[in-house]
Amino acid sequence: MNELKETKELRKVKEDLLNCKECPLYEERVKGGFFPVIGEGNHQADIMLVGEAPGLNEAKSGRPFCGAAGRILDKLLESAGMKREEIYITNVVKDRPPNNRDPRPEEIEAYGPFLERQIRIIKPKIIGCLGNFSTAFMFNKYGLEKELKGISKLHGKVFSVNDLKIAPLYHPAVAVYNNKMTNVLIGDFKKIKGLV
Ligand code: URA
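Owing to the predicted nature of the structure, the values given are computational and were not obtained by experimental measurement. (Residues numbered from 1 in each chain as written. Predicted model: local features only at pLDDT ≥ 70, side-chain atom pairs only at ≥ 80, totals over all residues. Heavy atoms only, no water.)

## Some details on the state of the cysteines
Item 1. Under the defined criterion, the tally for this structure stands at one disulfide.
Item 2. There is a disulfide in this structure between Cys20 and Cys23, and the S-S distance comes to 2.1 Å. Between Cys20 and Cys23 the sulfur-sulfur dihedral comes to about 100 degrees; the bridge is accordingly right-handed. Like Cys23, Cys20 is buried. (Disulfide = S-S within 2.5 Å. Buried < 20%, exposed > 50% of the residue type's maximum accessible area, 1.4 Å probe, protein only.)

What follows is the structure, encoded as structure tokens:
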């Protein structure tokens, strides 16, 4: 089977990320014996989910959302009738911030262009922003700065920019210790699925 054009282009993004020695968390990657987490899923996905940054499990495996938050994400996807293979999952920041601290502005600035390339290649119809950092990134990128509020005010709403829909969502990690949030998240995920 012929390789998709998107797959070829995404491989180049991955190579560039692997070689990005000036990336601000490169030293942490090397020190920890970690992998950068580029993203995974369908290279022609209609839905792209964008998280914040890899945690320890993700950095050890190179796969997005494969720890505790990932187990919740899997539950949310299943409840909404979505499959990981059908969508594309990635993060704003591609290397793990030490001790899982919040990403810094200079890290978002350095890793953001990799995400922008992924969006240009995959051309999703819907971007689900998992949490505040991802939401802020997309709102800034797509001229929605004036609408930017905390995720508790934005989740469940959908913002259209030309043909693209931006959907802010709570980060799945909020449900790790708070079961009630699972139902809120399931409702929002079902809404996204309904947009396709
Ligand atoms: N949290 C994120 O934001 N991304 C991951 O990949 C894992 C946890």
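## Topic: the sheet that holds strand β6 (residues 164-169)
Item 1. Read across the sheet, six strands follow the order β1-β3-β2-β4-β6-β5 without closing on themselves; strand pairing throughout is mixed. With partners counted over all chains shown, the strands left at the sheet margins are β1 (40-41) and β5 (159-161), one partner each.
Item 2. Bridge count for β1 against strand β3 (residues 88-91) is two bridges, and the pairing is antiparallel. Within β3, the position partnered with Glu40 by the bridge is Ile89. (Pairing = 2+ DSSP bridges. Helix = DSSP H or I, 4+ residues; strand = E, 2+ residues; numbered from the N terminus.)

## Structural notes on the layout of surface pockets
Item 1. Considering only enclosed or pocket space, the largest pocket measures out at about 410 Å³ in volume.
Item 2. Residue lining of the largest pocket: 20 residues in total, with Ala53, Gly55, Ala69, Asn100 and His171 positioned closest to the centre.
Item 3. The biggest single contributor to the lining of the largest pocket is helix α3 (residues 56-61), with three residues.
Item 4. In terms of residue class, the lining of the largest pocket is built from ten nonpolar, six polar and four charged. (1 Å grid on protein atoms, 1.4 Å probe; cavity = no way out; pocket = protein on both sides within 12 Å on 5 of 7 lines; lining within 4 Å. Points joined across faces, edges and corners; volume = space filled by probe spheres on them. Nonpolar A, V, L, I, M, F, W, Y, C, P; charged D, E, K, R; others polar.)

## Structural notes on the environment of Ile127
Item 1. The topology assignment puts Ile127 in strand β4 (residues 126-130).
Item 2. The exposure class of Ile127 is buried, given its relative accessible area of 0%.
Item 3. C-alpha separation for the pair Ile127 and Leu164, spaced 37 residues apart in sequence, amounts to 7.7 Å.
Item 4. In this structure Ile127 touches Met48, Val50, Ile119, Met138, Tyr142, Leu164, Lys165, Ile166 and Ala167, once residues within four positions along its chain are discounted. (Contact = heavy atoms within 4.5 Å.)

## Looking at helix α5 (residues 105-122)
Item 1. When the terminal C-alpha atoms of α5 are compared, their 25 Å separation across 18 residues agrees well with the 26 Å that a helix rising 1.5 Å per residue should span.
Item 2. Approximately 35 degrees is the largest bend angle found in α5, and it occurs at Tyr111, with the proline Pro113 only one to four residues beyond.
Item 3. The complete set of buried residues in α5 reads Glu107, Ile108, Tyr111, Gly112, Phe114, Leu115, Gln118, Ile119, Ile121 and Ile122.
Item 4. Those residues of α5 hidden inside the fold are in contact with α1 (5-18), α2 (26-32), β2 (47-51), β3, β4 and α6 (132-141).
Item 5. One or two residues past the end of α5 sits Lys123, with phi positive at roughly 50 degrees. (Expected span 1.5 Å × (residues − 1). Bend = angle between axes of the 7 residues up to and from the residue.)

## Quick notes on the site of the ligand
Item 1. In the vicinity of the ligand, the contacting residues are Gly51, Glu52, Ala53, Glu58, Pro64, Phe65, Asn91 and His171.
Item 2. The contact in question runs from an oxygen atom of the ligand to an N or O atom on the backbone of Phe65, over 3.0 Å.
Item 3. Within the complex, 92% of the 240 Å² of free accessible area of the ligand lies under protein.
Item 4. When each cavity is represented as a set of grid points, the ligand is found to reside in the largest pocket.
Item 5. Residues that form the shell around the ligand fall into these classes: three nonpolar, three polar and two charged. (Near = heavy atom within 4 Å. Polar contact = N/O pair within 3.5 Å; in protein donor to acceptor, adjacent residues only side chain to side chain. Areas by Shrake-Rupley, 256 points an atom, 1.4 Å probe, with all protein chains shown as cover. Sits in = over half its atoms within 2 Å of the grid points.)

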